[in-house]
Amino acid sequence: MASIPTTQWAQVVEQKGGPPIYKEIPVPKPGPDEVLVKVKYTGVCHTDLHAMKGDWPLALKLPLVGGHEGAGTVVAKGELAAGIEIGDKAGIKWLNGSCLACEFCKTSDEPLCAEAQLSGYTVDGTFQQYAIGKAAHVTKLPDNVALDAVAPILCAGITVYKGLKESGARPGQTVAIVGAGGGLGSLAQQYAKAMGLRVIAIDGGDEKRAMCEELGAEAYVDFTTSKDLVADVKAATPGGLGAHAVLLLAVSEKPFQQAVEYARPRGAIVAIGLPANAFLKAPVFDSVVKMINIKGSYVGNRQDGVEAIDFFARGLIKAPFKTVPLKDLPKVFELMEQGKIAGRYVLEIPE
Ligand code: NAD
Ligand code: ZN
Ligand code: ZN
């Protein structure tokens, strides 16, 4: 194995609002319970854009190397790093580490740990050649998976897989996916299908329409042109009764205030997207008499990660992505800000 250099290329956000600066920085050294992953590909999640803008009520590290959908190979490990070896393929996800000792960690709700460390947010992430992860939290990847295609599974895939499970929707039922044309949305359609669910895709524009239809959505409702979105979504559900589950993935407040209207009685609304300064709002009367279940869902635990990767490794999850070099991150952020990305962008990390 090639030796590990002392410096590396990275995209570094030095101040709130960015932009990311492509520059050389030191290669970090893994602590006793950590591994060093040589990153080959990393997805760009909308969360990375929120982090650069600093638009969430959650403190972050600065200067910051963003990125939390990293796929690569373990090249070094601390003496206490168990369960993963040098040479193994590994993924770094949003949850970089957690205390493993609190009640949430003990009951497999690690994302709720008060001491959780977040890749590309409270610790440096995967927009660099060499990234650190806690051995307990990196996801071991099967040798045969393509590292570019698997990268987006490490946040987007895990998150939507968990969200679909949290919705309680059962095979044959209908899920409305809001933001279906984005990174999380494109994968949500694939997981939903693999889980036996029927998909109504909601997003804007014809490029995303074509992509959603290709991914197997039974209907596409364009929020930019629909004259009555609620009626259109309901009309697309069996019997016009509404969706059994709604997955809210959009980075926009409006759908978070509208979903109850097209959810089916006893339906579940799962909030996953994190638009800044936004509020969930629902009419009390409709929510009560329709017995609507409204909840949040936040990434997934370590086992959700293993399961989401397993769906992918079995060939059930194929979502479109475009690959560009690490230095092009600012261009990807620009397209993302404009809502112009159908699917995901994956950055190729230079050798
Ligand atoms: P993305 O930019 O790839 O996709 C967002 C999509 O929403 C776009 O296709 C956009 O056109 C669409 N959209 C915007 N307004 C809409 C509207 N009114 N109706 C329907 N669609 C609309 O973003 P992404 O990477 O998929 O991330 C989505 C959100 O999820 C972000 O806020 C991100 O931070 C959040 N996120 C949450 C978790 C979690 O654990 N809860 C995990 C990962 C990402
Ligand atoms: Zn993410
Ligand atoms: Zn904990």
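Since we're looking at a predicted model, the values are computed, not measured. Counting restarts for each chain: residues are numbered from 1 in the order of the written sequence. Chain letters and ligand numbers both follow the written order, the letters beginning at A and the numbers at 1. In keeping with the predicted nature of the model, local features appear solely for residues at pLDDT of at least 70, side-chain atom pairs appear and are counted solely at 80 or more, and the whole-chain, interface and lining totals rest on all residues. Hydrogen atoms and water are omitted, and side-chain values are computed over all heavy atoms in the structure.

The next point concerns the coordination of the zinc ion (ligand 2). Metal-coordinating donors are taken as N, O and S atoms lying within 2.8 Å of the metal, or within 3.2 Å when the metal is Na, K or Ca; because water is left out, some sites can appear incomplete. Within the protein, the atoms that donate to the zinc ion (ligand 2) are C45 (SG), H68 (NE2) and C155 (SG), at distances of 2.0 to 2.3 Å. The motif formed by the donor residues of the zinc ion (ligand 2), counted along the single chain, is C-x22-H-x86-C. Taken as a pair, C45 in the loop between β3 (34-43) and α1 (46-53) and H68 in the loop between β4 (64-65) and β5 (70-77) lie far apart in primary sequence, 23 residues in all. The exposure class of C45 is buried, given its relative accessible area of 3%. Take H68: its relative accessible area is 0%, and that puts it in the buried class. Starting at the N terminus, helices and strands are each numbered in turn, a helix being any DSSP run of H or I of at least four residues and a strand any DSSP run of E of at least two. Only protein chains enter the area calculation, which uses a 1.4 Å probe; residues under 20% of their type maximum are buried, those over 50% are exposed, and those in between are partly exposed.

Attention now goes to the domain arrangement of the chain. Under the domain assignment used here, the chain contains domain 1 (7-155 + 300-348) and domain 2 (158-296). Placing a centre on the C-alpha atoms of domain 1 and another on those of domain 2 gives a separation of 26 Å. Each partner contributes to the interface: domain 1 provides 29 residues, whereas domain 2 provides 23 residues. Here domain 1 meets domain 2 over a buried area of about 2200 Å², counting both sides, of which 62% is carbon and sulfur. Looking only at domain 1, the three residues that lose the most surface to domain 2 are D304, F311 and A342, adding up to 19% of its buried area. Between Lys or Arg on one side and Asp or Glu on the other, a salt bridge is scored when a side-chain nitrogen of the former is within 4 Å of a carboxyl oxygen of the latter. Taken together, the connections running from domain 1 to domain 2 amount to three salt bridges. For K165, the salt bridge is made with E307, and the minimal N-O distance between the two is 3.0 Å. Definition of a polar contact: a pair of N or O atoms within 3.5 Å, with one able to donate and the other able to accept a hydrogen when the atoms are protein atoms, and with sequence-neighbouring residues admitted only if both atoms are side-chain atoms. The interface formed by domain 1 and domain 2 includes 13 residue pairs in polar contact (both at pLDDT 80 or more). Taken together, the elements giving at least two residues each to the side of domain 1 that touches domain 2 come down to α1 and α10 (302-313). It is α10 that provides the largest number of residues to the side of domain 1 that touches domain 2, a total of five residues. Of the residues in the side of domain 1 that touches domain 2, the class split is 14 nonpolar, seven polar and eight charged. For each domain, the first and last residues come from an automatic or database assignment. The contact criterion used is simple: two residues touch if any of their non-hydrogen atoms lie within 4.5 Å. By definition, the buried area sums, over both parts, the 1.4 Å-probe accessible area that each loses when the two are put together. Each residue gets one of three labels, nonpolar for Ala, Val, Leu, Ile, Met, Phe, Trp, Tyr, Cys and Pro, charged for Asp, Glu, Lys and Arg, and polar for the others, Gly among them.

Here we take up α1. When you tally the buried positions in α1, you get six out of eight residues, the bulk of the element. If you check which residues of α1 are buried, you get T47, D48, L49, H50, A51 and M52. Elements that come into contact with the buried residues of α1 comprise β1 (7-13), β2 (20-26), β3, β4 and α11 (329-337). At the exit of α1 stands G54, carrying a positive phi of roughly 65 degrees.

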